[in-house]
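# Overview (structure and organization)
Listed here are the chains, written in short residue letters.
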Amino acid sequence: MNIENTQVQMRKGILEFCILHIISRGEVYASDMLEELTSAKIMVVEGTIYPLLTRLRKSGLVDYKWVESNSGPPRKYFTLTEAGQGFLEGLNITWDELVSSTQKIISINKNSKKKGS
């Protein structure tokens, strides 16, 4: 098995969750999302983020508006809808449960190794 493939899959699994969190802070431009995700080491490219944003919009979780730009074409700024806020709240609960469960499993493995040393 290739560890890089597994790492990429783990990051992809939380991409939607992270994007919804970024959008929940207020109007955001897609390239700003990409920059924040990349700086957090969640590697993503435009070819991945735009289809995801389209799917989130079609699901009624995000909306967008066009804003004129002084330095080029209009920009699409995304916001979270009321349904998106409720969806994100549900994901937050799931995330907290997953982190807690994972920490329990990891700590058992760490504690077992310490006892065996």
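Read on for a plain summary of the structure. What you are looking at is a predicted structure, and each value in this text was computed from that prediction instead of being measured.

### Quick notes on the packing of helix H2 (residues 15–24) against helix H3 (residues 30–39)
- Close contact between H2 and H3 brings their axes to 11 Å; oriented N to C, the two are set at 120°. Between H2 and H3, the interaxial angle falls into the category oblique. When the axes of H2 and H3 are compared, the crossing they make is right-handed. Along its contact with H2, which presents Leu 15, Cys 18, Ile 19, Ile 22 and Ile 23, the element H3 presents Met 33, Glu 36 and Leu 37.
- Looking at the contact of H2 with H3 residue by residue, the classes come out as seven nonpolar, no polar and one charged.

### Thoughts on the packing of H2 against helix H4 (residues 46–58)
- Two numbers describe how H2 lies on H4: the axes approach to 11 Å, and their chain directions differ by 70°. With respect to each other, H2 and H4 are oriented roughly perpendicular. Between H2 and H4, the residues in contact are Leu 15, Glu 16, Ile 19, Leu 20 and Ile 23 and Thr 48, Ile 49, Leu 52, Leu 53, Arg 55 and Leu 56, respectively.
- By residue class, the composition of the contact of H2 with H4 is eight nonpolar, one polar and two charged.

### Some thoughts on H3
- Along H3, the residues classified as buried are Ala 30, Met 33, Leu 34 and Leu 37. Projected down its long axis, H3 shows its buried positions confined to an angular sector of 100°, all on one face. What points out from H3, more than 90 degrees from its buried face, is the exposed set Glu 35 and Ser 39.
- Buried-residue contacts for H3 involve H2, strand E1 (28–29), H4 and strand E3 (72–80).
- Once H3 finishes, Lys 41 follows within two positions and takes phi at roughly 70°, a positive value.

About the cut-offs
Residues numbered from 1 in each chain as written. Predicted model: local features only at pLDDT ≥ 70, side-chain atom pairs only at ≥ 80, totals over all residues. Heavy atoms only, no water. Axes fitted to C-alpha atoms, helices over the stretch in contact; angles between N-to-C directions. Helix = DSSP H or I, 4+ residues; strand = E, 2+ residues; numbered from the N terminus. Parallel < 35°, antiparallel > 145°, perpendicular 65-115°, else oblique. Left-handed = near helix turned anticlockwise from the far one by under 90°. Contact = heavy atoms within 4.5 Å. Nonpolar A, V, L, I, M, F, W, Y, C, P; charged D, E, K, R; others polar. Buried < 20%, exposed > 50% of the residue type's maximum accessible area, 1.4 Å probe, protein only. Arc of directions from axis to C-beta.

Function cannot be inferred from these measures alone, as they are strictly geometric.
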